[in-house]
Amino acid sequence: MVTTDRVAFREALPEGGRLVGMDVGTKTIGLALCDARWSIASPAHTITRSKFSKDKLLLAAFITQQQVKGIVIGLPLNLDGTGSPRSQSSRAFAHNLADFGLPVLLWDERWSTQAVTRTLIEADASRARRDVLVDKLAASYILQGAIDGLVAGLE
């Protein structure tokens, strides 16, 4: 299942479970993880992109090792909420992971990279340090937004 509907995604995971967040770029894939109770997202890892088959093997190993139950992928929309060529690419990426057998949620990622970059600049991180951190921090930002949306109204 690949969806943008947070309710359908939540219903696919009635017992919760660990989620992986992904910020899928052309050069890297930033990864983040959250706990099984969907409390907090943490940056995890960055994969340097190569052939999709190799990237998929690395993702499968990471998902298995971390006992992930669902996937959240950032969906880069235009500022007006419409799709873009990058959002089409993210949708295709999500559909290519469907054979993992895990529900996939596409989550609006507008402003994620900018917010993370701004935070790193305010923390006086060097440009080199920002380049190392931005993708996995953006994945964490995306995942935190998704889990906040998923648990809204459940308390």
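In this text, all values refer to a predicted model and were calculated from it rather than measured experimentally.

Reading guide: rules and limits
- Residues numbered from 1 in each chain as written.
- Predicted model: local features only at pLDDT ≥ 70, side-chain atom pairs only at ≥ 80, totals over all residues.
- Heavy atoms only, no water.
- Helix = DSSP H or I, 4+ residues; strand = E, 2+ residues; numbered from the N terminus.
- Buried < 20%, exposed > 50% of the residue type's maximum accessible area, 1.4 Å probe, protein only.
- Pairing = 2+ DSSP bridges.
- Contact = heavy atoms within 4.5 Å.
- Axes fitted to C-alpha atoms, helices over the stretch in contact; angles between N-to-C directions.
- Expected span 1.5 Å × (residues − 1).

S.K.: Help me understand the overall build of the protein chain, please; the structure alone is not making it clear to me.
M.R.: The number of helices and strands found in the protein chain is five helices and six strands. Per-residue burial over the protein chain gives 45% buried out of 155 residues.

S.K.: Whenever I open this one, the sheet that holds strand β5 (residues 68-75) confuses me. Can you help?
M.R.: Each strand in a sheet pairs with another by means of backbone hydrogen bonds, the pair being arranged parallel or else antiparallel. Spatial ordering of the open sheet is given by β1-β6-β5-β2-β3-β4, a layout of six strands whose pairing is mixed. The open sheet has two edge strands with one neighbour each: β1 (2-3) and β4 (41-48). As paired elements, strand β2 (residues 18-24) and β5 share five bridges and run parallel to each other. The residue of β5 that forms the bridge with R18 is V68. Strand contacts of helix α2 (residues 52-65): β2, β3 (28-34), β4 and β5, with the helix running at about 150° to β4, the strand carrying the most contacts. In this fold helix α3 (residues 85-96) packs onto β1, β2, β3, β5 and β6 (104-108), with an angle of close to 165° to the strand it touches most, β5.

S.K.: How should the pairing of β4 be read in this particular structure?
M.R.: Taken residue by residue, a regular strand's side chains alternate between the two faces of the sheet. As judged from the seven bridges shared by β3 and β4, these two strands associate in the antiparallel manner. Note on β4: the bridge partner recorded for L31 is H45. The turn joining β3 and β4, which pair antiparallel and follow one another in sequence, is formed by six residues; a positive phi near 60° is taken by W38.

S.K.: Would you mind showing me how to read α2 here?
M.R.: In an α-helix, one full turn covers 3.6 residues, which means residues spaced three or four apart are oriented alike. Helix length check: α2, at 14 residues, gives a terminal C-alpha distance of 20 Å against a target of 20 Å (1.5 Å per residue), a fit within 8%. Contact partners of the buried residues in α2: β2, β3, β4, β5 and α3. Once α2 ends, the next one or two residues include Q67, with phi positive near 55°.

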